[in-house]
Amino acid sequence: MSKKYDIGLGHNDVTLRKKADSDYVSFWDEQAQNLSWFSPWEKILDWNPPFAKWFVGGKINASYNALDIHQATKSDKPAILWEGENGDSKTYTYGDLFIEVQKFSNVLKSLGVQKGDRVTIYLPMVPELLIAMLACARIGAIHNVVFSGFSAASIKDRIDDSKSKIVITSDGGYRRGKIVKLKKIIDDAIKDFEFVKHVIVLERTKNEITISSKDKFWSDLMANVSSSCDAEKLDSTHPLYILYTSGTTGKPKGVLHETGGYLTHLHSTFQWAFDIKDSDVFFCTADIGWVTGHSYVVYAPLLHGATQVMYEGAPDFPDMSRMWDILQKYDVSIFYTTPTALRMFMKFGDDIPNSFDLSSLRLLGTVGEPINPEVWKWYYKIIGKEKCPIIDTWWQTETGGMMISPLPGLETIPLKPGSGTLPIPGVKISVVDEFGTEVPPNIKGYLTIQNPWPGMLQTLWEDDEKYKTVYWSKYPNCYYAGDYALKDEDGYYWILGRADDVLKIAGHRIGTAELESCIVGDDTVAESAVCGIPDEIKGDVIIAFVVLKDGIDIDKIVLEKKLFEKIRNDIGAIATPKQIYFVPKLPKTRSGKIMRRLLKSIGSGELIGDTSTLDDVSAVTEIQNIVKQQS
Ligand code: PRX
């Protein structure tokens, strides 16, 4: 591959990889020592497959590592340069955050929150979201952050499953110039839940809200509370958070992350991948409601005492120059975003980014979905001006942190547009066939992880059995990631999309089963199947095929509208299909399995391939005609 992309930042530490290859357990033991521990661990790894415990016996606190350790040297250094969508802005230094977090820890304690209790947080991208998370971590409560774009029904499930006794929300949040009424959504979500004792309401937009006896205002609670709260000395294996994510079956599952291993993984990857320096200004565009925000907005930058930009709203509001304006204004040096955002910016041409001074940039990253090589090259040339390495980072909610990525803070290797290059040191990835045998170079297979790693999920919240089945049952003692991949002749990995029924829409994870059961929940619908088809901006968009119950005669436009509304209410706007096709039947195998592969091909206008296992071939022709008519 062209030498053109062989950009290094001067690092070439070969010893680290050698150490990791010879003994990954001792390697992570050394990495963990970069954190501040109250007491050391007795055992590095307790591996009782598929359950891993890292740094057993060690005592640690995430909030302590994010804040307390910086107070002697960095209390005046900006931690968060926050910009609201409406132009508000605020800076929090490490000293400011330290005080706010201790105060909010005391607020939580005063409301009866104890170690191990769950706290649901449903806030827009405001510094108080990060403050609430760190306050939970400080006292050993388990935070359960829900993305503020999710609907009342989705948040209800997550509050119920986690049995949170406290919910933190705000009157509203700004999104594309409008106020999203988060408090109203929480009112609907918790109305049947006796176990929710208090709702803490942050006044962000000051729009009118309904107040109930459970509600308490953030500002009132913070007004007279002590600003001193020592961090709890927690076990390394103490749960830090639950984050719900979509899978192949049923409702979203609660991925549970613990403390010591997770922080170790983040501390190391942030250094290796972003080459972080004291002078850097980091900007990750992810919403904290997703794992990228948890790991690389909240925890990793603060562990390193870094300065970062946090932005509240839509990247294209009020117009397509917003991101470049932020990069210029705050002298951002490291920028981490999604391929979907880049595809959108690229579509609007080079003139907009070219009219800003982006010379402060020195490193660029992407995450969440495959990046097309042409978009990678645009990012490299137009945004990075051919001087910034691009790190394409592959990982998942479950892995906690990056698993495959170029690491310019550690080594210099040639980059290939569209490949995440190599696994991080201490992680062993293998691409295997159906039987678990490693496939030869350049052959597509399933991506697996062969050893436990420190950032790995502990389990699924109160569901060890599901944890075993979803990730560890396809291959013995080996983690099944659910992605297709291939390894090329240079040992570089290329991620080829999901191998299961999980959709990636604009980088967001949506389960087909979750969406189909929502559609079938309408009383006119007998059956439904959804799939993703390629889209120029979002990577994939959803299309849905719906079979109506016998005898239903209804205007299809009216019904489509009703179903869109139901999906927005039950899940959230991100799950809305681009198109719903009403069809007489779905293509099924003789054993009754829906052939989504065929639907995907029909929806994207591709050849449909082998139909020999189909029960009724006429279903395909009828669907093809309907799709043609509606497209
Ligand atoms: O399919 C892979 C895709 O995103 C999935 C994980 O989604 P989520 O848990 O929401 O976490 C996203 C942010 C870490 C993966 O199974 N994915 C993630 N990063 C990449 C990717 N696909 C291709 N290239 C990537 N860099």
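Scroll up for the structure.
Everything quoted here is computed from the prediction, not taken from an experiment.

Each value, and the rule that gives it
For every chain, the first residue of the written sequence is number 1, and numbering continues from 1 onward in sequence order. Confidence filtering applies because this is a predicted model: local features only for residues at pLDDT of at least 70, side-chain atom pairs given and counted only at 80 or more, and all residues used for totals across whole chains, interfaces and linings. Only hydrogens and water are removed before side-chain values are computed, so all heavy atoms of the structure are retained for them. Each reported salt bridge corresponds to a side-chain nitrogen of Lys or Arg within 4 Å of a carboxyl oxygen of Asp or Glu. Under the DSSP-based scheme used, a helix requires at least four consecutive residues in state H or I and a strand at least two consecutive residues in state E, with every element numbered from the N terminus. Residue burial is assigned from relative accessible area. The probe radius is 1.4 Å, only protein chains are included, and a residue is buried under 20% of its type maximum, exposed over 50%, and partly exposed in between. One heavy atom suffices: a residue is near a molecule or strand as soon as one of its heavy atoms comes within 4 Å of it. By the criterion applied in these results, polar contacts are pairs of N or O atoms within 3.5 Å in which, for protein atoms, one can donate a hydrogen and the other can accept it, and in which residues neighboring in sequence qualify only through two side-chain atoms. Only the protein chains shown count as cover for residues, and the accessible areas themselves come from Shrake-Rupley with a 1.4 Å probe. Under this grouping Gly is polar, as are all residues other than the nonpolar Ala, Val, Leu, Ile, Met, Phe, Trp, Tyr, Cys and Pro and the charged Asp, Glu, Lys and Arg. Note on aromatic contacts: the rings of Phe and Tyr and the six-membered ring of Trp form a pair at centre separations within 6.5 Å, being stacked when their planes are under 30 degrees apart, edge-to-face when over 60 apart, and tilted otherwise. A positively charged side chain is recorded as over a ring if its NZ (Lys) or CZ (Arg) lies within 6 Å of the ring centre. The angle to the ring normal must also be within 35 degrees. Among buried residues, those of type Ala, Val, Leu, Ile, Met, Phe, Trp, Tyr and Cys that are joined through side-chain atoms within 4.5 Å constitute a nonpolar core. In this document the domain limits rely on a domain assignment from an automatic tool or a database. Whether two residues are in contact is decided by their heavy atoms, any of which lying within 4.5 Å being enough. One bridge is not enough; two strands pair if DSSP finds at least two bridges between them. For helices, the axis comes from a line fit to the C-alpha atoms of the stretch in contact; other axes are also lines fit to C-alpha atoms, and the angle between any two N-to-C directions lies between 0 and 180 degrees.

K.L.:
Explain the pattern of salt bridges to me, using residue names and the numbers behind them.
P.N.:
Summed over all chains, the structure comprises 38 salt bridges. A salt bridge links Arg596 to Glu516, with the shortest nitrogen-to-oxygen separation between them at 2.9 Å. A residue pair is termed long-range when its members are at least 10 positions apart, and Arg596 in helix α19 (residues 596-603) and Glu516 in helix α17 (residues 512-520) qualify at 80 residues. With respect to burial, Arg596 and Glu516 carry one shared label: buried. With a shortest N-O distance of 3.8 Å, Glu622 and Lys585 are connected by a salt bridge. Taken together, the residues Glu622 in helix α20 (residues 618-630) and Lys585 in the loop between β30 (579-582) and α19 connect sequence positions 37 residues apart. Judged by relative accessible area, Lys585 falls into the partly exposed class, the value being 29%. Taken together, the shared-partner salt bridges connect Asp275, Lys277, Asp280 and Arg362 into one network.

K.L.:
Now, about the site of the ligand: what can you tell me, with residues and values included?
P.N.:
As a matter of local geometry, the ligand sits amid 17 residues, with Thr393, Thr397, Asp483, Arg498 and Arg509 nearest to it. Side-chain polar atom of Gln396 to an oxygen atom of the ligand: 2.9 Å apart, as the coordinates give it. Here an oxygen atom of the ligand sits 2.9 Å away from a polar atom, N or O, in the side chain of Lys504. In isolation the ligand exposes 540 Å². Once the protein is present, 95% of that is buried. Those elements that place two or more of their residues in the shell around the ligand are α11 (291-303), β20 (390-393) and β25 (493-498). Considering only residue class, the shell around the ligand consists of six nonpolar, five polar and six charged.

K.L.:
Please give an account of the packing of aromatic side chains that cites residues and values.
P.N.:
Evaluation of the coordinates by the stated rule reveals 40 aromatic pairs. Summarising the aromatic geometry, the rings of Tyr5 and Tyr380 are spaced 4.9 Å apart at their centres and angled 75 degrees between planes, so their arrangement reads as edge-to-face. Taken together, the residues span a long stretch of sequence, with Tyr5 in the segment before α1 (14-22) and Tyr380 in helix α15 (residues 373-383) at a distance of 375 residues. A single burial state applies to Tyr5 and to Tyr380, both of which are buried. Ring geometry for Phe51 against Tyr467: centres 5.2 Å apart, planes inclined by 40 degrees, an arrangement best described as tilted. One end of the pair, Phe51, is in strand β2 (residues 51-56); the other, Tyr467, is in helix α16 (residues 464-472), and 416 residues separate them in sequence. What links up through ring pairs into an aromatic cluster is the set Trp47, Phe51, Trp453, Tyr467, Tyr471, Trp472 and Tyr479. Cation over ring: Lys474 sits above Tyr480, and NZ or CZ is 5.5 Å from the ring centre.

K.L.:
Outline the nonpolar core, listing residues and values.
P.N.:
Membership of the largest hydrophobic core comes to 111 residues, with the highest contact counts inside it found for Phe104, Ile121, Ile168, Ile200, Phe274 and Tyr299. At ten residues, helix α6 (residues 127-139) tops the list of elements feeding residues into this core. Both domains that meet at this core, namely domain 1 (1-61 + 233-496) and domain 2 (85-231), each give it at least three residues. With residues up to four places along the chain from it excluded, the contact list for Tyr299 reads Ala62, Met133, Leu134, Ala137, His143, Leu240, Tyr262, Leu263, Leu266 and His294. In terms of nonpolar packing, the next biggest core, distinct from the first, is built from 38 residues, Ile185, Ala189, Ile510 and Leu559 among them.

K.L.:
Any details on the sheet that holds strand β29 (residues 539-548)? Residues and values, ideally.
P.N.:
Here three strands make up an open sheet; going across it, the order is β28-β29-β30 and the pairing mixed. Edge strands, defined here as strands with exactly one partner in the open sheet, are β28 (525-535) and β30. Going across the sheet, the axis of each strand differs from the next one's by a mean of 25 degrees, ignoring polarity. Examined bridge by bridge, β29 and β30 share four bridges and lie parallel to one another. Directly across from Phe545, in β30, lies its bridge partner Tyr581. Relative to β28, α17 is tilted by about 140 degrees, and along the sheet it contacts β28 and β29.

K.L.:
Tell me about the pairing of strand β5 (residues 89-93), and please be specific about residues and values.
P.N.:
One face of the sheet, then the other: side chains in a regular strand alternate in exactly this way. In the sheet, strand β4 (residues 78-83) pairs with β5 via five bridges, with the strands oriented antiparallel. When the sheet's bridge partners are listed, Trp82 is paired in β5 with Lys90. Where β4 hands over to β5, the hairpin turn is made up of five residues, of which Gly87 adopts a positive phi near 100 degrees.

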